[in-house]
Amino acid sequence: MADPVNEVYLADRRFDRVLIANRGEIAERIQRACRELGLKTVAICSEADRQASYGKTADSFLCIGPSNAAGSYLNQDAILLAAHLIGAGAIHPGYGFLSENAAFSEAVEKAGIAFIGPEAPSIATMGDKIAAKRAMILAGVPCVPGPDTALPDDTASVERIAREIGYPVIIKAAGGGGGRGMRVVHEAEQLHQAIALTREEARQAFGSAALYVEKFLQHPRHIEIQVLCDIHDNAVWLGHRDCSMQRRHQKVVEEAPAPGISADMIGPVGLACVEACRQIGYRGVGTFEFLYENGAFYFIEMNTRLQVEHPVTEMTSGIDIVRAQIMVAQGLPLEMRQDEVECAGHSFECRINAEDPESFLPSAGMISDLALPEGQGIRVDTHIHAGYRVSPYYDSLIAKLIVHAPTRADAMAKMREALSATRIEGISTNLPLLRALFEDEGFARGETDIHYLEQWLRQRRGQ
Ligand code: MV4
């Protein structure tokens, strides 16, 4: 490397021991990537996870707090203390917990430890959905119609803005995201009450009363673009995913690529995402979330973390996203250029949850017996085993079943086979629901939108 400044920066960010500030399947996934890179691993746990197998395979294992996440996986001081005690040079936050906490990213880096994720200002910008939208408009990323500024207070201006956009509109909290703090408004008469209610919720839940308004899209699909950026101004996008199959903002099935979206349609959007990353000096992995309706893409949010559904993109792109994420955190340059990224075949992921298939209530308890599928094009990311006790303290995801095949129809057939070879005894899971979904003809035709699964569940209950 010719640039001496970069050389220093590179040396500064190198590390040989990674603390994984997470649990469950993703703790195991990150550990695998660390080992492949020759890095030592530090696992942490709460009291509920003392028996977890990710603790046994790590080089160090510390219990840092009680079962409730606030005292353990969200306890920044305890995690930093653990990192100092064991001499970890980096912290990987996984997803959820502290992964999108700007203050944590900053505290970690201030402590001389590499945060395996973006710098605090990038996280903060994307956490403020108005600032995120403004950054995207500046970079040429297509956004949902509506101002990139907070709603003013005066009634007349608000009414004019909504009228200009055209009803229905959606009121969203700047501090919200992931489905929290939003309200649809169908006519002017409902506008002021909706704003008052959403503002109050936003104040309570996010500590900020800032709101913004957009055109409400009634039947969109949810399509994501995965990006990967180093600190040397290189950025690539790794194709797209369709995550429309959700219930109450919890994704159930994801796939890559999004069916029926041609390279011509999405190519310019992917390039705009990469351009946005360069403009804001983004580091690490990220996901641009879009709504897609009537042939057009509309940015809604950017996730600044590794996502649950990253495997479908790994299967189609052949790129180990977690390995790349750790390498860019070390200051290393990306190993691939955009013209070397080639996506092939089709991948599905099913999220297997410990929950009642009718009521969706979490199902805790001991897994008495377990059979997982194997074979060509089949991947299972999980932390469970026979004798494992599913804890009521954390989210109900217990395994991700991922398949890859040449075509979407082949991948669906492989998923049907993989689901039928999966047996989890002792607790309830959503396996029956997933099996039925992969028999659904509308889904097979790729005729889904963000409401499809909820409508399908209602119809199924009606029968
Ligand atoms: C929208 C929308 C329709 N129009 N914005 C929900 C989660 C958050 N990320 C944004 N969300 C939505 N924003 C406009 N202008 C519909 C949703 C939405 C949704 C989006 C993605 C996946 C599932 C969803 C379920 C309900 C509503």
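Throughout, residues of each chain are indexed from 1 in the direction in which the sequence is written. In keeping with the predicted nature of the model, local features appear solely for residues at pLDDT of at least 70, side-chain atom pairs appear and are counted solely at 80 or more, and the whole-chain, interface and lining totals rest on all residues. Only hydrogens and water are removed before side-chain values are computed, so all heavy atoms of the structure are retained for them.

Enquirer: Even after reading the chapter, I still don't get the sheet that holds strand S2 (residues 40–46), so can you show me in this structure?
Expert: The strands that make up a sheet pair up through hydrogen bonds in the backbone, lying either parallel or antiparallel. Two strands qualify as a pair provided that DSSP identifies no fewer than 2 bridges between them. Each helix is a run of DSSP H or I of at least 4 residues and each strand a run of E of at least 2, with the numbering of both proceeding from the N terminus. A sheet is described by the order of its strands in space; here five strands give the open sequence S3-S2-S1-S4-S5, paired in parallel fashion. Each edge of the open sheet is held by one strand with a lone partner, namely strand S3 (60–65) and strand S5 (114–115). Contacts: residue pairs with any heavy atoms within 4.5 Å of one another. As a rule, the C-alpha atoms of each element are fitted with a line to give its axis, helices using only the stretch in contact, and angles between N-to-C directions run from 0 to 180 degrees. Along the sheet, helix H4 (residues 76–86) contacts strand S1 (17–20), S2, S3 and strand S4 (90–92); its crossing angle with S3, the most-contacted strand, is approximately 150°.

Enquirer: Is there a simple way to explain the domain arrangement of the protein chain in this structure?
Expert: Interface size is commonly expressed as the accessible surface area that is lost when the partners come together. All domain edges in this entry derive from an automatic or database-based domain assignment. Split by domain assignment, the protein chain resolves into domain 1 (4–116), domain 2 (145–215) and domain 3 (221–460). One C-alpha centre belongs to domain 2, the other to domain 3, and the line joining them spans 30 Å. Of the residues lining the interface, seven residues belong to domain 2; the matching set on domain 3 comes to four residues. Any pair of N or O atoms that falls within 3.5 Å is considered a polar contact. Within protein, one atom must be able to donate a hydrogen and the other to accept it, and sequence-neighbouring residues count only if both atoms are side-chain atoms. Applying the counting rule to domain 2 against domain 3 returns zero residue pairs in polar contact (both at pLDDT 80 or more). In this classification, the charged set is Asp, Glu, Lys and Arg, the nonpolar set is Ala, Val, Leu, Ile, Met, Phe, Trp, Tyr, Cys and Pro, and all remaining amino acids, among them Gly, are polar. Split into classes, the residues belonging to the side of domain 2 that touches domain 3 amount to two nonpolar, three polar and two charged.

Enquirer: Could you clarify how one ought to interpret the site of the ligand in this entry?
Expert: Around the ligand, the structure places 18 residues, and the nearest of them are Lys172, Glu214, Lys215, Leu217 and Glu301. Between leucine 217 and the ligand, the recorded distance is 3.0 Å, taken from a backbone N or O atom to a nitrogen atom. Under the convention used here, a 1.4 Å probe and the Shrake-Rupley method define accessible areas, while residue burial counts only the protein chains that appear. Here the ligand, which alone exposes 520 Å², has 92% of that area covered by the protein. For the shell around the ligand, the residue count by class is eight nonpolar, five polar and five charged. When residues of the shell around the ligand are sorted by domain, at least three fall in each of domain 2 (145–215) and domain 3 (221–460). In these notes, residues near a molecule or strand are those with any non-hydrogen atom within 4 Å of it.

Enquirer: So what exactly am I meant to see when it comes to the environment of alanine 90 here?
Expert: Among the secondary structure elements, alanine 90 is positioned in strand S4. As a C-alpha pair, alanine 90 and glycine 112 span 22 residues in sequence and 8.8 Å in three-dimensional space. For alanine 90, the contacting residues outside a window of four places in its chain are Phe15, Arg17, Val18, Leu19, Ile113, Ala114 and Ile116.

Enquirer: For this particular structure, what's the right way to read helix H16 (residues 452–462)?
Expert: In an α-helix, one turn spans 3.6 residues, which is why side chains three or four residues apart end up on the same side. Every buried residue of H16 is listed here: Tyr452, Leu453, Trp456 and Leu457. What you see down the axis of H16 is that its buried residues fit within an arc of 130°, all on one side. Among the exposed residues of H16, those oriented more than 90 degrees off its buried face are Arg458, Gln459, Arg461 and Gly462. Residues of H16 that are buried sit in contact with strand S10 (235–247), strand S11 (250–256), helix H14 (431–437) and helix H15 (441–444). Only protein chains enter the calculation, and the probe is 1.4 Å; a residue is then buried if its accessible area is under 20% of its type maximum, exposed if over 50%, and partly exposed in between. Note that the arc is computed from the directions linking the helix axis to the C-beta atoms.

Enquirer: Looking at this structure, I do not really get the sheet that holds strand S8 (residues 211–215). What am I missing?
Expert: Strand order in the open sheet made by the three strands is S7-S6-S8, with antiparallel pairing throughout. Either end of the sheet is taken by a strand with one partner, and the two such strands are strand S7 (180–185) and S8. Ignoring which end each strand starts from, the neighbouring axes of this sheet average 25° apart. Here strand S6 (residues 169–177) pairs with S7 via five bridges, running antiparallel. Paired with valine 169 across the bridge in S7 is valine 185.

Enquirer: What is the right way to look at the nonpolar core in this model?
Expert: General note: in soluble globular proteins, nonpolar side chains tend to be found buried as a group. Core analysis: the largest hydrophobic core is formed by 59 residues, its most contacted members being Phe15, Leu19, Ile79, Ile91 and Leu228. Per-element tally for this core: the top contributor is helix H12 (residues 321–329), with six residues. Each of two domains, domain 1 (4–116) and domain 3 (221–460), supplies a minimum of three residues to this core. In this view, isoleucine 79 contacts Leu19, Ala21, Ile44, Ile64, Ser72, Tyr73, Ile91, Leu98 and Phe104; residues no more than four positions away in its chain are not counted. Here, the term nonpolar core denotes a set of buried Ala, Val, Leu, Ile, Met, Phe, Trp, Tyr and Cys residues that are joined through side-chain atoms within 4.5 Å. Ala405, Leu419, Leu437 and Leu453 belong to the second largest nonpolar core, which has 36 residues in total.

Enquirer: Would you mind showing me how to read unusual backbone geometry here?
Expert: Trans peptide bonds make up most of the peptide bonds, and negative phi angles are found at most residues other than glycine. Between tyrosine 167 and proline 168 the backbone carries a cis peptide bond, its omega angle lying at 0°. Position of proline 168 among the secondary structure elements: in the loop between helix H8 (155–165) and S6. Following alanine 256, the chain continues to proline 257 via a peptide bond in cis, the omega torsion being -10°. Tracing the chain through its elements places proline 257 in the loop between S11 and helix H10 (263–280). With a phi angle near 65°, histidine 249 is a residue other than glycine that sits in the positive phi range. Structurally, histidine 249 can be placed in the loop between S10 and S11. The phi dihedral of phenylalanine 360 is positive, around 65°, even though this residue is not glycine.

Enquirer: I keep staring at helix H6 (residues 120–127) and nothing clicks. Help me out?
Expert: Listed in full, the buried residues belonging to H6 are Ala120, Ser122, Ile123 and Met126. Along the long axis of H6, the arc covered by the buried residues comes to 165°, so they all point the same way. Those residues of H6 hidden inside the fold are in contact with helix H5 (102–110), S5, helix H7 (129–139), H10 and strand S13 (296–303).

Enquirer: I keep staring at the pattern of salt bridges and nothing clicks. Help me out?
Expert: Pairs may arise between side chains of opposite charge once their charged atoms sit close together. By definition here, a salt bridge exists when the distance from a side-chain nitrogen of Lys or Arg to a carboxyl oxygen of Asp or Glu is within 4 Å. Taken as a whole and judged by the stated rule, the model has 29 salt bridges. As a salt-bridge pair, glutamate 200 and arginine 203 come within 3.2 Å of each other at their nearest N and O atoms. In this pair, glutamate 200 and arginine 203 are both assigned in helix H9 (residues 188–206), three residues apart and thus about one turn of the helix distant. Classification of glutamate 200 as partly exposed rests on a relative accessible area of 36%. Connected through salt bridges with shared partners, the residues Arg29, Arg32, Glu314, Asp320, Arg379 and Asp381 form a single ionic network.

Enquirer: Honestly, the packing of aromatic side chains in this entry has me stumped. Any pointers?
Expert: Note on aromatic pairs: each is described by the distance of the centres and the angle between the planes. Between 30 and 60 degrees the pair is tilted, below 30 it is stacked and above 60 it is edge-to-face, where a pair is any two Phe, Tyr or Trp rings, Trp via its six-membered ring, whose centres lie within 6.5 Å. For the structure shown, the criterion picks out 12 aromatic pairs. When the ring of phenylalanine 290 is compared with that of phenylalanine 299, the centres are 6.1 Å apart and the planes differ by 80°; the resulting orientation is edge-to-face. The burial state of phenylalanine 290 is the same as that of phenylalanine 299; both residues are buried. On the numbers, 4.7 Å between centres and 50° between planes, the contact of tyrosine 292 with phenylalanine 297 is tilted. Take tyrosine 292: its relative accessible area is 10%, and that puts it in the buried class. With a relative accessible area of 6%, phenylalanine 297 lands in the buried category. Put simply, the rings of Phe288, Phe290, Tyr292, Phe297 and Phe299 touch in pairs and so form one group of aromatic residues. Only when the NZ of Lys or the CZ of Arg is both within 6 Å of the ring centre and within 35 degrees of the ring normal is a charge said to sit over the ring. Across the ring face of phenylalanine 360, the terminal group of arginine 247 is positioned such that the distance to the ring centre comes to 3.7 Å.

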